[in-house]
Amino acid sequence: GVFSIGANKKVRFSQGRLQFNPAKYEFRFAKNQYEVIPVENNKKVAPKKFETSVMLAPLSYNLKFSLDKDLAAKAGIKDGKLYENQVGSSLEGTFKWEFYPNLTWTSRVFYFTDYKSVLADVETGLNFVFNRFFSTKIYLHARFDDSVPRNKHNNHLQFKEMLSFGFNYKFK
């Protein structure tokens, strides 16, 4: 296999949806950031119209960071700090399948553990290209993180869904 070192950084940039009650407003820029730096063994399979990749990283570093102490606990950062370092293992699998000339299904599964807590992400999306100018995407992101406090449904699951419409134009 091929060994590599990679980095993955996620920063929340915007609230993402309208909030009609300002008293419940909890978003702040870069509220929580996640960074994973794995040392991994990567296997890729790429037949025509179907691509898949599996990366196993027996040694990974995860950094959780928040600019706001009040919201850091909601991101799983303990003891009133602004950051938390985690060392553990991770696994990531991706695939992309173009099952019709203008329909593409993409999916990603990510798992990280520091052997005290688990972070698991499942992302899947369907992209439909109408023509060379317009496209739409349906996207679902499910996340399990047992280092954060339980939500109002008494579990660690979080869901984000998205429907987007795109306009594409190439300048030459």
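Source: prediction; values computed, not measured. (Residues numbered from 1 in each chain as written. Predicted model: local features only at pLDDT ≥ 70, side-chain atom pairs only at ≥ 80, totals over all residues. Heavy atoms only, no water.)

**Student:** Before we move on, can you summarise the packing of aromatic side chains with the specific residues and values?
**Tutor:** Applying the stated rule across the entire model yields nine aromatic pairs. Judged by centre distance (4.6 Å) and plane angle (90°), the ring pair of F128 and F130 falls under edge-to-face. Among the residues examined, F128 registers a relative accessible area of 25% and is labelled partly exposed. Given the relative accessible area of 47%, F130 is considered partly exposed. With a centroid separation of 6.4 Å and an interplanar angle of 10°, the aromatic rings of F133 and Y169 are classed as stacked. You can see F133 sitting in the loop between β7 (118-129) and β8 (134-145) and its partner Y169 sitting in the segment after β9 (157-167), a full 36 residues away along the chain. Judged by its relative accessible area of 25%, F133 is partly exposed. The structure contains a cluster of three or more aromatic residues connected by ring pairs, namely F50, F95, W97, F99 and W105. K81 extends its terminal NZ or CZ atom over the ring of Y83, reaching a point 6.0 Å from the ring centre. (Phe/Tyr/Trp six-rings, centres within 6.5 Å; stacked < 30°, edge-to-face > 60°. Buried < 20%, exposed > 50% of the residue type's maximum accessible area, 1.4 Å probe, protein only. Helix = DSSP H or I, 4+ residues; strand = E, 2+ residues; numbered from the N terminus. Lys NZ or Arg CZ within 6 Å of the ring centre and 35° of its normal.)

**Student:** Just give me the short version of the side chain of S89, but keep the residues and values in it.
**Tutor:** Position of S89 relative to the elements: it lies in strand β5 (residues 83-100). Not counting chain neighbours up to four residues away, the residues in contact with S89 comprise A57, P58, S60, Y111, F112, T113 and Y115. (Contact = heavy atoms within 4.5 Å.)

**Student:** I'd like a rundown of the confidence of the model for the protein chain, residues and numbers included.
**Tutor:** Low pLDDT means the predicted coordinates in that region are not meant to be read closely. Residues of the protein chain with pLDDT of at least 70 account for 72%, and the chain-wide mean is 77. Low pLDDT, under 50, characterises residues 16-33; the predicted model gives this stretch 36 contacts beyond four residues in sequence or across chains. (pLDDT = per-residue confidence, 0-100.)

**Student:** Residues and numbers for the environment of N85, please.
**Tutor:** Assignment of secondary structure puts N85 in strand β5. What makes N85 partly exposed here is its relative accessible area of 42%. Counting along the chain gives 29 residues from N85 to D114, while the straight-line C-alpha distance between them is 9.7 Å. With residues up to four places along the chain from it excluded, the contact list for N85 reads Y61, N62 and L63. A distance of 2.3 Å separates the side chain of N85 from the side chain of Y61, its partner in a polar contact. (Polar contact = N/O pair within 3.5 Å; in protein donor to acceptor, adjacent residues only side chain to side chain.)

**Student:** Could you give an account of the side chain of D121, naming the residues involved and the relevant values?
**Tutor:** Along the chain, the position of D121 falls in strand β7. Only 3.2 Å separates the side chain of D121 from the side chain of H141, close enough to count as a polar contact. Within the structure, D121 has its side chain in polar contact with the side chain of R143 (distance 3.5 Å).

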